[in-house]
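Fold and contact review
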Amino acid sequence: MASTVALIPAAGRGERLGAGLPKAFVDLAGHSMLHRAVRGVQASGVVEHVVLSVPTGLVDQVRTDFPEVTVVAGGAQRGDSVRAALAAAPAADVVLVHDAARCLTPPTLFVSVVEAVLAGAHAVVPGTPVTDTIKSVDPAGVVTGTVDRTSLRAVQTPQGFDFDVLTSAYASADADFTDDAGLVESHGVAVHTIAGDPLAFKITTPWDLRLASWLLADEARK
């Protein structure tokens, strides 16, 4: 049977959120975003092993909180954290990379990404159509054109890869990538898209956190 490992880089400071602590550890309706992200991965039923990369000073705490997963120290950049998690991961057929800040991602989306990789795609990303009108502007902020949005997608996580493909890409990476699909794409690997989910949005600002809290409260009332 095919095996899947999920990496969650969670060492970012999250300065735009302004919470005064690493973003993944910010409380969201009684649980940290990291807690919700891990439980979402586990609820999918398609992941055998989870690896977390967290700030060095929090490694022991996280190992206590999540004794069933592997926890390693992350790095200064996101790519460093993914590389550290990947090095600690057991070999598998599929590797997922998931943002802790997308902690409301439905478990079914993990299933869809894994299925797409197992069906033959070396790299898979979920995405949603861009609905806003997109303008290009010059340095002064003057509009220079309107971008055709029909071919655009807002990419989410989990992003899924053939394990050897992502490992090879990171082994030869000579720059930091904030998007793992962008890294493998730069190595000539075709990246396939599947339908994303609105709940897989990234909590980056205080407004995003308020929206996530409201969604959880609304769900609890049902």
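Residues numbered from 1 in each chain as written. Predicted model: local features only at pLDDT ≥ 70, side-chain atom pairs only at ≥ 80, totals over all residues. Heavy atoms only, no water.

Naming follows an unreviewed UniProt entry, where the protein appears as 2-C-methyl-D-erythritol 4-phosphate cytidylyltransferase of Williamsia marianensis. UniProt lists a comment for the protein under the heading Catalytic activity (unreviewed entry), and it reads "2-C-methyl-D-erythritol 4-phosphate + CTP + H(+) = 4-CDP-2-C-methyl-D-erythritol + diphosphate". (UniProt positions renumbered as here; feature names shortened; annotations may be inferred.)

Residues separated by three or four positions in an α-helix point in the same direction, a consequence of the helix having 3.6 residues per turn. With 16 residues, helix α7 (residues 206-221) ought to run about 22 Å at 1.5 Å a step, and its terminal C-alpha atoms sit 23 Å apart, in line with that. Within the sequence span of α7, burial applies to D208, L209 and A212. Looking straight down α7, one finds its buried side chains confined to an arc of 100°; they lie on one side. Exposed side chains of α7 directed beyond 90 degrees from the buried face belong to W207, R210 and R221. Looking at the buried residues of α7, the elements they touch are β2 (27-28). (Helix = DSSP H or I, 4+ residues; strand = E, 2+ residues; numbered from the N terminus. Expected span 1.5 Å × (residues − 1). Buried < 20%, exposed > 50% of the residue type's maximum accessible area, 1.4 Å probe, protein only. Arc of directions from axis to C-beta. Contact = heavy atoms within 4.5 Å.)

Within this numbering scheme, the UniProt entry marks R149 and K202 as carrying the feature "site: Positions MEP for the nucleophilic attack" (unreviewed entry). Cross-referencing the annotated residues with the lining of the largest pocket gives K202. One can find R149 in the loop between β9 (143-147) and β10 (153-155). Look past the residues within four positions of R149 in its chain and what remains in contact with it is V130, T131, D132 and T133. Within the structure, the side chain of R149 is placed 3.4 Å from the backbone oxygen of D132, a separation counted as a polar contact. Along the chain, K202 turns up in the loop between β12 (192-195) and α7. Excluding its chain neighbours within four sequence positions, the residues that come into contact with K202 are K23, D99, A101, R102 and D208. (1 Å grid on protein atoms, 1.4 Å probe; cavity = no way out; pocket = protein on both sides within 12 Å on 5 of 7 lines; lining within 4 Å. Polar contact = N/O pair within 3.5 Å; in protein donor to acceptor, adjacent residues only side chain to side chain.)

Take a probe with the size of a water molecule and roll it over the atoms, and the empty space left behind shows itself. The calculated volume of the largest pocket comes to roughly 780 Å³. Looking at the lining of the largest pocket, its residues break down into nine nonpolar, ten polar and eleven charged. Its volume calculated, the second largest pocket comes out at about 280 Å³. Around the second largest pocket, the lining comprises 14 residues; the ones closest to its centre are R36, C103, L104, T105 and L216. Elements supplying a minimum of two residues to the lining of the second largest pocket: α1 (33-43) and α7. (Points joined across faces, edges and corners; volume = space filled by probe spheres on them. Nonpolar A, V, L, I, M, F, W, Y, C, P; charged D, E, K, R; others polar.)

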